[in-house]
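# Topology and contacts: notes
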Amino acid sequence: MECSEKRVGNNDTKEALLALSVKPPDETIYRKILQNWDMVAKPLDGMGRFEALTARIGAILGTWEPDISKKAVIIMCADNGIVAEGVSQSGQEVTAAVAAQMAKNASSVGKMASLIGVDTIPIDIGINTEENIPGVLNKKIRCGTRNFRKEPAMTEDETIRAIFTGIQLVSECKEKGYRLLATGEMGIGNTTTSSAIVTAMLKCDVKEVTGRGAGLDDEKLLHKQQVIAEAIEKYALFGAEPLRILETVGGFDIAGLAGVCIGGGLFHIPIMLDGVISMAAALIAEKIVPGTVQYLLASHKGKEPAVERLVNALKLEPVIDGKMALGEGTGAVMMFPLLDIALHIYQSRTTFVDMQLQQYERYV
């Protein structure tokens, strides 16, 4: 099924994409926030990783008193042609059905987000339907990708337009006052596409990074791994440039999320990554626009085997280790209230001076 194509802008070209650059977050603000944490009446580093996380958020936003009260999760929804090869338990019809529930905040991520006052922004960037889904923002590039076992999943032009869609969404969110964004996705077959990207990008054994997705049995898992391995060899993807890897075995959701990551760097908005699909997108984004990773935060360590390799490659430290594999942005959204709590302690800090106590000193 072909969909009418939409252009995001006049400058969404490969040349424009590769010319993008990001400046590092403000290191002075980062150090100032850590110094402020040391003045809080608690043991040094008592809030653990949350001290560095809040410092990074402040450095990205450009303030040592960061406000992240307005938050959203951007959920890229798209179908993947590789599903035709039997790599998933479900068919493509599930993607549209779940996206419709997301629009009503009736899916898992919507229920989580509603509970804590976070907005959800579901995007149709490539669902395999011509219908407009009420409540889902239509940014469709095409009705799903092609079957990469037979041909590249996307054209270069489609891939670049998907990336710029994500960049544009971050720009729009900043204009609306959002101060922290999370990445989410929905697309049957996207653990196959993300595993293929990781295999090619990190030049590793497909079996090391390809898991069961929504619950494949041993036979189906082996088939999934073989499909990916065949594609890597067929298209000679070991050592290929990141953009070619993405267009060959990726998906519109991953390309769009790569754009969200890049947009975080361009517009100085911290991006909270979800699981393996988001991290695969982050790896692509960092390779296309170096420095992007400085604007990314890792929420949780999911159970897909590629996660371990991804966090090492990105040099990120997930906070939650719950062995989740729900997707949709749920792990990222679960991090939001933890950050709110940490920032509440920081912003309403009781100091050693307030308690008339001697402050701890750092010796190392």
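Preceding this section is the structure that the text describes.
Heads up: these notes are all about the structure in this document. (Residues numbered from 1 in each chain as written. Predicted model: local features only at pLDDT ≥ 70, side-chain atom pairs only at ≥ 80, totals over all residues. Heavy atoms only, no water.)

## Observations concerning the pattern of salt bridges
Where charged atoms of side chains with opposite charge meet at close range, the side chains can pair. Overall, the coordinates contain 19 salt bridges when judged by the stated rule. Among the salt bridges present, the one from K14 reaches E156, with a minimum N-O distance of 3.5 Å. Linking K14 in helix α1 (residues 14–18) with E156 in helix α6 (residues 156–175), this pair joins segments that are 142 residues apart in sequence. What makes E156 partly exposed here is its relative accessible area of 33%. Between D218 and R212 there is a salt bridge, and its shortest N-O distance comes to 2.7 Å. With relative accessibility at 56%, the residue D218 sits in the exposed group. (Salt bridge = Lys/Arg side-chain N within 4 Å of Asp/Glu carboxyl O. Helix = DSSP H or I, 4+ residues; strand = E, 2+ residues; numbered from the N terminus. Buried < 20%, exposed > 50% of the residue type's maximum accessible area, 1.4 Å probe, protein only.)

## Some remarks on the packing of aromatic side chains
Under the defined criterion, the tally for this structure stands at 2 aromatic pairs. On the numbers, 5.4 Å between centres and 45° between planes, the contact of W37 with Y346 is tilted. With a gap of 309 residues between them, W37 in helix α2 (residues 27–39) and Y346 in helix α14 (residues 330–347) connect regions that are remote in the sequence. Assessed through its relative accessible area of 0%, Y346 is described here as buried. Centroid distance F352 to Y360: 5.5 Å. Interplanar angle 90°. Geometry classified as edge-to-face. (Phe/Tyr/Trp six-rings, centres within 6.5 Å; stacked < 30°, edge-to-face > 60°.)

## Looking at the pairing of strand β4 (residues 180–186)
Taken across its 7 residues, β4 has 7 buried, putting it largely inside the fold. Here β4 shows two buried faces, one formed by L180, A182, G184 and M186 and the other by L181, T183 and E185. Note that strand β1 (residues 71–78) and β4 share 7 bridges and pair parallel. Considered in β4, the bridge of I75 is made with G184. Pairing of β4 with strand β5 (residues 271–273), which is carried by 2 bridges, proceeds in the parallel orientation. (Pairing = 2+ DSSP bridges.)

## Notes on the packing of helix α7 (residues 190–202) against helix α10 (residues 242–249)
Contact geometry for α7 and α10: axes closest at 9 Å, N-to-C directions at 150°. By the angle between their directions, the pair α7 and α10 is classed as roughly antiparallel. Regarding α7 and α10, the two cross each other, and that crossing is right-handed. When α7 is examined against α10, the residues T193, A196, I197, A200 and M201 are found in contact with a partner set consisting of P242, I245, L246 and V249. Along the lines of polarity and charge, the residues of the contact of α7 with α10 split into 8 nonpolar, 1 polar and no charged. (Axes fitted to C-alpha atoms, helices over the stretch in contact; angles between N-to-C directions. Parallel < 35°, antiparallel > 145°, perpendicular 65-115°, else oblique. Left-handed = near helix turned anticlockwise from the far one by under 90°. Contact = heavy atoms within 4.5 Å. Nonpolar A, V, L, I, M, F, W, Y, C, P; charged D, E, K, R; others polar.)

## Regarding the nonpolar core
Membership of the largest hydrophobic core comes to 75 residues, with the highest contact counts inside it found for L17, I74, I163, L181 and I197. When residues of this core are assigned to their parent elements, the largest contribution, 10 residues, is made by helix α12 (residues 276–288). The contact partners of L181, leaving out residues within four places of it in the chain, are A72, I74, V170, C173, I269, P270, I271, M272 and F336. Core analysis: the second largest hydrophobic core is formed by 38 residues, L53, V333, A342 and L343 among them. (Core = buried A, V, L, I, M, F, W, Y, C linked by side-chain atoms within 4.5 Å.)

## Here's the deal with the environment of G117
Mapped onto the elements, G117 comes out in the loop between α5 (108–116) and β2 (119–126). G117 sits in the exposed class, given a relative accessible area of 54%. Through-space distance from the C-alpha of G117 to that of A72 is 9.0 Å; in sequence the pair is 45 residues apart.

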